[in-house]
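Topology and contacts: notes
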Amino acid sequence: MELQLGLALPPPPLIPIETFDLNSYGNYETREALGSNALSWPLLKLGPADNDINNIHHHNSSSSSSSSSSGGGAGCKKRSFDEAPFFDEKRNVPKTLHLLLWTNQPNDEDDDPSNVLHENSSSAIFKNDGEGLVGWPPVKTWRKKVHHQIPNGGAENNRLPKVENGIGGRASKSTYVKVKMEGVPIARKIDLSVHHSFEGLTNTLMRMFGISDGNPKIFKLTYQDREGDWLLAEDVPWRTFIRSLKCLKLIRSRG
Amino acid sequence: MQKKTAYSFPDEILEHVFSFIQSVKDRNAASLVCKSWYEIERWCRRKIFVGNCYAVSPTMVIRRFPDIRSIELKGKPHFADFNLVPDGWGGYVLPWISKMAGAYPWLEEIRLKRMVVTDESLELVAKSFTNLQVLVLFSCEGFSTDGLAAIAAGCKNLRELDLRDSEVDDLSGHWLNHFPDTYTSLVSLNISCLGSDDVSFSALERLVGRCPNLRRLLLNREVPLDKIANLLSRAPQLIEFGTGTYAAELRSDVYSNLAEAFCNCKELKSLSGFWDAVPAYLPVIYSVCSRLTSLNLSYAPIQNPDLTKLVSQCPSLQRMLVLDYIEDSGLEVLASSCKDLQELRVFPSDPFGEEPNVSLTEKGLVAVSSGCPKLQSVLYFCRQMSNAALVTIAQNCPNFTRFRLCLLDPKIADYRTLQPLDVGFGAIVEHCKDLRRLSLSGLLTDCVFEYIGMHAKKLEMLSVAFAGESDLALHHVLSGCESLRKLEIMNCPFGDKALLANAAKLETMRSLWMSSCSVSLGACKMLGQKMPRLNIEVMDEKGPPDSRAESDPVDKLYIYRSVAGPRFDMPPFVWTMDEDFASELS
């Protein structure tokens, strides 16, 4: 099912515009009620000749049931100043793309497959290495760390709270370290606080860089410590590793 | 009869008039009146704001404005704060610094947000702008303390150095030593993001001691509590102070020194820091509390009753940032004590926990909305909400300019009626006519977007996640929100139709971000072909888009208007959809 896009402006006389009456959408329970009727999408065309922003909003406000009557002229002109600090002064807004309706297929299939996929696998798509939903909740990285600092959810307020957690003496507020793989230009970041052993860390790294399980020995994990030296991760115990590492690099082992 | 024209003012007079116009928006308006005003204005413009560093090129800016003294640039989209923008996406400041180095030798102020700043850039800044007074690096990354050392050594007129929320590679704490002994002009220093545990404290002490105009000092976590008293005694003129770690064993000498030091800071109005805070040391700030207008306890694991007791002593508070340990009971105390409160932010102490660990619900926010008539700006993380509460809040606070509600469980319904929260958020946009920023959460249908499109006429920024059911939702917003500049959407089931039907609207906005939605590659290509003044960037770390079908949804989409054309500094996982892309791969 192809979406058709038209660009050309209708020559006068105007084709009657389907008004997009928000009042008519009384219930939102079934999308099929909207989709199965052929003309469910508006033709949001522009008026004649003059394509500036004024007309777009004029149409929208006249066809919607909103009570904003100041839509038209002055309001829109002012807005276009605000919105265009560096625009060319000719301000030629291109014609609005309008949608032709999709064909009379009952129960539109075009938007369903991706949505079904979305709903069925929502839990799979969005979880990320056991860290929960990616990007949710919208808390900046260093705020997440505050929780880690509190043993027993803060019940021991009267004692000196432990500054150390599993990350040891890492002074930096972020539990993410950079990981580079030899031959790959883009560095990644990995959250150390969810790993507690070399095995777990290696597994995550293999997944992240797409290294197959068949060749675990090909790559060696190295890290740069606080003094700037590069060391082999396998040579040190986990706690030492965690305490002193600044960033990681996977290198191909030779020989 | 002599014809008089209104435009017979000599240029110098107009220029003088323009010098009173500070706001960027007003300047832009003035420049559009006529050609001569445009010319005069551009020569005397001193300050510019570029909300998206890729919307325009440095060359274009320099060509139009030959004598800029203050620049503000923003790079990555806002969702970069939540790790949604992969590393290497872009936002490099070096091209700007390089061009400006030659064009604006008298540059005084550089403010950057979410940009990649390298040591090389900082070294170039220090070398090129000898008159630099303000350097603000807000949520930036890519530089180390070596770059800071160059700034310290080279910028003799620096007044303000603010690294808020930036990620800095700490190579050595000795960068502070690079401020020469003759340097005394520091007014504001924010190093709260630095991690190194060898920020040379003695260098900091000396610096603070020799800068009599220092008004704002935000320390990093590593500065121990027992050093604070000494530092404060060298800077009793401070207006804003951020502690380091606020935990130590209780010792009476440390305690009394601290109390005395705080007491002597007669102008202190704003406090922050308080990492790892223990209740034992809280009373040392009581002498300051009555004057405090801003208090940031959002890193302090303090709980009630200590937390509530502290809050109750701050009647002048205008701005309060706190963890959800404050609970509903603490917020009720806040509501009755702090009648001047304008901004409240409540952060989650356990954002990933399955079960609530504190008793913070919608009731706390309702209490504050009822008790604090000047409340304008809210950021509230909690685990339950009801439409009734939101309606009450909206009716109590018609003056909201920013309302961001984050329900930790993304699709949670009204806990009392099990209905979607459409009506509640609808009340917010209907009553709060000046609302400029809104973040939605909870179970939401297309309905809420209809309300938003209908009422939120001043809305400039909208953040949406896990909401809506169809493209109607997006269409309502794009067609109804006249003032919309930034729209960011994650995990919502819409895309193509609404985008294509409202393509022209996108040129009136700064940017649109959509990730994990249902925007197909085909739609992106179409937009790219038809809208030459939009950059349509598709991000996908799994592989190039041409390897997949047209109907496949793209992982991440970032659309922004630009007069500079597509950018060329993209990493391999970002593709610009333009005419070339569409034609060579179709």
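Residues numbered from 1 in each chain as written. Chains lettered and ligands numbered in written order. Predicted model: local features only at pLDDT ≥ 70, side-chain atom pairs only at ≥ 80, totals over all residues. Heavy atoms only, no water.

Chain B is annotated in an unreviewed UniProt entry as F-box domain-containing protein from Gossypium tomentosum. Under the Subcellular location (unreviewed entry) heading, UniProt states for chain B: "Nucleus". (UniProt positions renumbered as here; feature names shortened; annotations may be inferred.)

If you look chain A up in an unreviewed UniProt entry, it shows as Auxin-responsive protein from Gossypium hirsutum. The record held by UniProt for chain A lists under Subunit (unreviewed entry) the comment "Homodimers and heterodimers." Entered under Function (unreviewed entry) in the UniProt record, the comment concerning chain A runs "Aux/IAA proteins are short-lived transcriptional factors that function as repressors of early auxin response genes at low auxin concentrations."

Along chain B, the regular secondary structure elements total 22 helices and 23 strands. Against the globule reference of 25 Å for 586 residues, chain B gives a C-alpha radius of gyration of 26 Å, in line with a compact fold. Considered along the principal axes of its C-alpha atoms, chain B spans approximately 75 × 70 × 65 Å. For chain B, restricting intrachain contacts to residue pairs at least 6 apart in sequence, the fraction spanning at least 24 positions comes to 72%. Entry remark: accessible area of chain B is about 21100 Å², with carbon and sulfur atoms responsible for 51%. In chain B, the 62 positive side-chain charges and the 72 negative ones have mean positions that sit 8 Å from each other. (Helix = DSSP H or I, 4+ residues; strand = E, 2+ residues; numbered from the N terminus. Rg over C-alpha atoms; globule rule 2.2 N^0.38 Å. Contact = heavy atoms within 4.5 Å. Areas by Shrake-Rupley, 256 points an atom, 1.4 Å probe, with all protein chains shown as cover. Lys, Arg positive; Asp, Glu negative; His and termini not counted. Charge placed at Lys NZ, Arg CZ, Asp CG, Glu CD.)

Mapped onto this structure's residue numbering, the UniProt feature "domain: F-box" (unreviewed entry) falls at residues 9-50 of chain B. The span residues 9-50 of chain B shows a helical share of 62% and a strand share of 10%, and its end C-alpha atoms are spaced 31 Å apart.

Turning next to helix α2 (residues 24-31) of chain B. Residue and element names in this part refer to chain B. Residues of α2 that are buried: Arg 27, Asn 28, Ala 30 and Ser 31. All buried residues of α2 project into a common sector of 160° when viewed along the axis, lining one side. At the N-terminal end of α2, a side-chain oxygen is found 3.3 Å from the backbone nitrogen of Lys 25, two or three residues along, and the residue is Ser 23. (Buried < 20%, exposed > 50% of the residue type's maximum accessible area, 1.4 Å probe, protein only. Arc of directions from axis to C-beta. Polar contact = N/O pair within 3.5 Å; in protein donor to acceptor, adjacent residues only side chain to side chain.)

Moving on, we come to the domain arrangement of chain B. Its domain assignment divides chain B into domain 1 (8-45) and domain 2 (495-585). Taking only C-alpha atoms, the centre of domain 1 of chain B and the centre of domain 2 of chain B are 37 Å apart. (Domains from an automatic or database assignment.)

This part takes up the nonpolar core. Counting residues in hydrophobic clusters, the biggest one holds 204 residues, and the most contacted among them are Phe 262, Phe 403 and Ile 452 of chain B. Apart from residues no more than four positions distant in its own chain, Phe 403 of chain B is found in contact with Leu 365, Val 378, Leu 390, Ile 393, Phe 425, Ile 428, Leu 435, Arg 437, Leu 438 and Ser 439 of chain B. Formed by 20 residues, the second largest nonpolar core is a distinct cluster that contains Met 181, Ile 190, Leu 201 and Phe 219 of chain A. (Core = buried A, V, L, I, M, F, W, Y, C linked by side-chain atoms within 4.5 Å.)

Our focus in this paragraph is a nonpolar patch on the surface. A cluster of nonpolar residues, Phe 9, Ile 13 and Val 17 of chain B, forms a patch on the protein surface that exposes about 280 Å² of accessible area. For Phe 9 of chain B, the position within the fold is in the segment before α1 (11-18). (Patch = residues over 30% accessible without salt bridge, like charges linked within 9 Å, V, L, I, M, F, W, Y side chains within 5 Å. Salt bridge = Lys/Arg side-chain N within 4 Å of Asp/Glu carboxyl O.)

With that settled, the discussion passes to the pattern of salt bridges. Residues and elements named next belong to chain B. The tally for this structure, following the rule as stated, stands at 26 salt bridges over all chains. Here Arg 234 makes a salt bridge to Glu 205, at a shortest N to O gap of 3.9 Å. Taken as a pair, Arg 234 in helix α9 (residues 228-234) and Glu 205 in helix α8 (residues 201-210) lie far apart in primary sequence, 29 residues in all. Taking the relative accessible area as the measure of exposure, Arg 234 reaches 35% and is therefore partly exposed.

Our next topic: the sheet that holds strand β4 (residues 188-191) of chain A. Residue and element names in this part refer to chain A. Reading across from one edge, β4-β3-β7-β5-β6 is the order of the five strands in this open sheet, with mixed pairing throughout. Each end of this open sheet is capped by a strand with a single partner; those strands are β4 and β6 (230-232). The sheet shows a mean angle of 35° between the axes of neighbouring strands, taken without regard to direction. In this sheet, β4 lies alongside strand β3 (residues 176-181) in antiparallel orientation, the contact comprising four bridges. Within β4, the position partnered with Tyr 176 by the bridge is Asp 191. (Pairing = 2+ DSSP bridges. Axes fitted to C-alpha atoms, helices over the stretch in contact; angles between N-to-C directions.)

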